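Chain and residue survey
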Amino acid sequence: MRFLIICASGFIGSNVLAYVRSLGFEVIGTQSHSRDPEFVRFNLLNDRIVDCVGKSFFEKEGQVSVIICAVVSNMDQCLLDRQTSHRINVEQTIQLIEDVRAFKAKVVFPSTCFVFDGTRGYYSEEHPVTPVNEYARQKVEVETFLEKRLPDAFVARLEKIISDSPNDGQFFAQWIKLLEAGKPIVCIQGSLLSPTYVKDVAHAFVLACQKNLTGVYHVSNSEFFYRDELARQFCYAMGQPPNVVSRPLEEFKFPDKRALKCYLDGSKFALESGMKFTAMREVFQNFRKKLDKNP
């Protein structure tokens, strides 16, 4: 097996790249404006993947898996600049899929829990999609294309992805900066989520390729928390008093809509892959160790 990771310099892509390398597989990672020799330059908006990677990578013996981590993920940006976000998230993503499909590549497409409207929560793969914002509608467009044109693809609907690094600017890293500055962690009231460790996501993508899983799967931790309760548990794990404030969704004045309860039922993937997800307590512990080591 060999892997092509589109946007391997991003949060999820970089973790997938590191995991694939740790297993000893051949892998190429792309970056849209890279001058770093670690990456192949590939701009989803302007380039065709074969021109950047070369046909020989696809034509060698063995299965090649293409993991598409390139995306405009900011929900409000997807609405406010719909033309650009739609080109990247839908039109050019589909063009990329068509290009690698010609070489019989295995496509891994990360989707989102926000394909659901969040009125009930604990969604399984059998629930009909009901997207309420532009970002989710764009993901549904690609999911629908894959269902019709490439049913052998693996569609991974993801929940809130977290890491154990205090320095990557992600969810918990943002929270610790607020705590250290004496500021409260402000949470959306009633937001219920299943935080999922980014290294588990990387593991899941590789497992899906190894087992040739096809169709839609919810790649999600089985634990779920109200956002403010997760924040309080994080504070306790960091040895700090909980400085957490909850406010109604409407007070945040987001340009596009948000769904409050989109947490997923990941039992189908866990059963078919045999994978066990990392508990939040362990992620907290790893985060605290790294924080104490490099404050």
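These numbers were taken from a predicted model, which means no experiment stands behind them.

Concerning the overall build of the chain
Looking only at helices and strands, one finds eleven helices and 13 strands in the chain. In terms of C-alpha radius of gyration, the chain reaches 19 Å, essentially the compact-globule figure of 19 Å for 295 residues. Oriented by its inertia axes, the alpha-carbon framework of the chain measures out at about 55 × 40 × 40 Å. Among the 295 residues that make up the chain, the fraction classed as buried is 50%. Surface accessibility of the chain: about 13,900 Å² in total, with carbon and sulfur atoms responsible for 47%.

Considerations on the sheet that holds strand β6 (residues 154–158)
Judged by pairing direction, the sheet is parallel, and its seven strands sit side by side in the order β3-β2-β1-β4-β5-β6-β11 without closing on themselves. Edge positions in the sheet fall to β3 (40–41) and β11 (215–219), since each has one partner strand and no second. Inspection of the sheet shows strand β5 (residues 106–112) paired to β6 by five bridges, in the parallel sense. Of the residues in β6, the one forming a bridge with F109 is V155. The strands touched by helix α1 (residues 11–22) within the sheet are β1 (2–6), β2 (26–31), β4 (64–68) and β6, with β1 carrying the most contacts at an inclination of about 165°.

Side note on the packing of helix α5 (residues 82–101) against helix α6 (residues 134–149)
At their nearest, the axes of α5 and α6 sit 10 Å apart, and the two run at 20° to each other. With respect to α6, the axis of α5 lies roughly parallel. Note on packing geometry: the crossing formed by α5 with α6 is right-handed. When α5 is examined against α6, the residues R82, S85, H86, N89, V90, T93, I94, I97, E98 and R101 are found in contact with a partner set consisting of E134, Y135, Q138, E141, V142, F145, L146 and R149. Partitioned by chemical class, the residues of the contact of α5 with α6 number seven nonpolar, five polar and six charged.

Digging into the pattern of salt bridges
One pass over the structure, following the stated rule, counts 14 salt bridges. Residue R82 pairs with E134 through a salt bridge whose shortest N-O separation is 3.0 Å. Residue R82 is found in helix α5, and its partner E134 is found in helix α6; the two are separated by 52 residues along the sequence. Taking the relative accessible area as the measure of exposure, E134 reaches 5% and is therefore buried. Between D228 and R232 there is a salt bridge; the shortest N-O distance is 3.5 Å. A residue pair is termed a helical-turn pair when its members lie 3 or 4 positions apart in one helix, as D228 and R232 do in helix α9 (residues 227–237) at four residues.

Here's the deal with the packing of aromatic side chains
All chains considered together, the criterion is met by 21 aromatic pairs. Here R258 stacks its cationic end above the ring of F254, 4.0 Å away from the centre of that ring.

Let's talk about unusual backbone geometry
Phi is positive for K104, which is not a glycine, with a value near 60°. The phi dihedral of K253 falls on the positive side, at around 55°, and the residue is not glycine. Checked against the element boundaries, K253 lands in the loop between β13 (244–247) and α10 (267–273). The class of K253 is exposed, set by a relative accessible area of 69%.

As for the side chain of S85
Structurally, S85 can be placed in helix α5. For S85, a relative accessible area of 2% translates into the label buried. Here the side chain of S85 touches R82 through a polar contact of 3.2 Å, landing on its backbone oxygen. Contacts of S85, omitting those with residues within four sequence positions, involve V72, Q77, C78, V90 and Q138.

Cut-offs applied
For every chain, the first residue of the written sequence is number 1, and numbering continues from 1 onward in sequence order. This being a predicted model, a pLDDT of at least 70 is required before a residue's local features are given, and a value of 80 or more before pairs of side-chain atoms are given or counted; all residues contribute to the totals for chains, interfaces and linings. Side-chain figures throughout are based on the complete set of non-hydrogen atoms in the structure, without hydrogens or water. Runs of H or I in DSSP of at least four residues are treated as helices and runs of E of at least two as strands, each being numbered from the N terminus. Just to be clear, the radius of gyration here is over C-alpha atoms, and the globule rule we use is 2.2 Å times residues to the power 0.38. The buried label goes to any residue with under 20% of its type's maximum accessible area, the exposed label to any with over 50%, and the partly exposed label to all in between, with areas taken from a 1.4 Å probe on protein chains only. All accessible-area figures derive from a Shrake-Rupley calculation using a 1.4 Å probe, and residue coverage is judged against the displayed protein chains alone. A strand pair is defined by DSSP finding two or more bridges across the two strands. Every residue pair with non-hydrogen atoms within 4.5 Å of one another is taken to be in contact. Every axis in this analysis is a line fitted to C-alpha atoms, fitted for helices over the stretch in contact. Angles between the N-to-C directions lie between 0 and 180 degrees. Put simply, angles under 35 degrees are roughly parallel, angles over 145 are roughly antiparallel, angles from 65 to 115 are roughly perpendicular, and the rest are oblique. Note: crossing handedness is left-handed where the near helix turns anticlockwise from the far helix by less than a right angle, and right-handed where it turns clockwise. We call Asp, Glu, Lys and Arg charged. Ala, Val, Leu, Ile, Met, Phe, Trp, Tyr, Cys and Pro are nonpolar, and the rest, Gly among them, are polar. The term salt bridge refers to a pairing of a side-chain nitrogen on Lys or Arg with a carboxyl oxygen on Asp or Glu at a separation within 4 Å. Here the aromatic set is Phe, Tyr and Trp, taking the six-membered ring for Trp, and pairing holds for ring centres within 6.5 Å; pairs whose planes are under 30 degrees apart are stacked, those over 60 apart are edge-to-face, and all others are tilted. Working rule: Lys NZ or Arg CZ, within 6 Å of ring centre, within 35 degrees of ring normal, means a charge sits over the ring. Two N or O atoms form a polar contact when they lie within 3.5 Å of each other; inside protein one atom must be a possible hydrogen donor and the other a possible acceptor, and for residues adjacent in sequence the pair counts only when both atoms belong to side chains.

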